[in-house]
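Residue-level listing of the chains:
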Amino acid sequence: MSRIDVEPVRESGRTVTVVGLSLLILTVIGALFGYVLGLRDIDENKSASGDGPSAVPPAAATSAANAARPRTCPQFVSAGALKQDPGASVPMQLVQYVRTGNNKEAWICREKDGSGLWYQGHDRIANWADEEGGEIPEEGRNGLLRPGASEDAKSRSYSVTNDGTTYTVTPRSLVIGSKTYGVIQAYPPA
């Protein structure tokens, strides 16, 4: 048998120093990176009014909060209201919106100062009002805008009468006279 001589590997002090410094530098870079990310996360959770962290609501609470925020009614409602009543307080705030499966949509809008409710109805001819290039309701053609809508806050029901026909909007239906239309979209939802 042949004999293999193995010599011990000798490391110079210089190699150990370079490896040690490299590890130290990588450790410092990693610590700084973690610190910066930590600060970024803390800043994102601070409230706008102070330095304390704000609660980050769960998704369901965020959706409910968005639904509770007042939305502005389409500009054509405010413009039409000003034509009928130059003293109307605009922009109007959306109280209820519904769209039916029968090409009808309606808005209940409250004047900015809270003084009155308006009904805007739309019979879609070509487009929904909210689509790009959307169809603006035209009084007497495919739209009806009336002030003085009444409100039953408990049932979220809003009504207005025009020429003997009553228009009633709820989150679940649009009733015109004796005809009821089921809602396919509502804001806020039922």
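One can find the structure itself at the top, above this paragraph.
Residues numbered from 1 in each chain as written. Predicted model: local features only at pLDDT ≥ 70, side-chain atom pairs only at ≥ 80, totals over all residues. Heavy atoms only, no water.

Topic: the state of the cysteines
Counting across every chain of the model gives 1 disulfide. Disulfide pairing is shown between Cys 73 and Cys 109; the S-S distance is 2.0 Å. Judged by the sign of its S-S torsion, about -105 degrees, the cystine formed by Cys 73 and Cys 109 is left-handed. A residue pair is termed long-range when its members are at least 10 positions apart, and Cys 73 in the loop between strand S1 (71-72) and helix H3 (75-84) and Cys 109 in strand S3 (residues 104-110) qualify at 36 residues. (Disulfide = S-S within 2.5 Å. Helix = DSSP H or I, 4+ residues; strand = E, 2+ residues; numbered from the N terminus.)

Here's the deal with the environment of Ser 159
For Ser 159, the location among the structural elements is in strand S7 (residues 157-162). Looking at Ser 159, the relative accessible area reads 21%, which means it is partly exposed. When the C-alpha atoms of Ser 159 and Val 175 are compared, they prove to be 9.1 Å apart, with 16 residues separating the residues in sequence. Aside from chain neighbours lying at most four places away, what touches Ser 159 is Gly 148, Ala 149, Ser 150, Thr 166, Tyr 167 and Thr 168. There is a polar contact of 3.0 Å between the side chain of Ser 159 and the side chain of Thr 168. (Buried < 20%, exposed > 50% of the residue type's maximum accessible area, 1.4 Å probe, protein only. Contact = heavy atoms within 4.5 Å. Polar contact = N/O pair within 3.5 Å; in protein donor to acceptor, adjacent residues only side chain to side chain.)

Remember, this is a structural readout, not a statement about activity or role.
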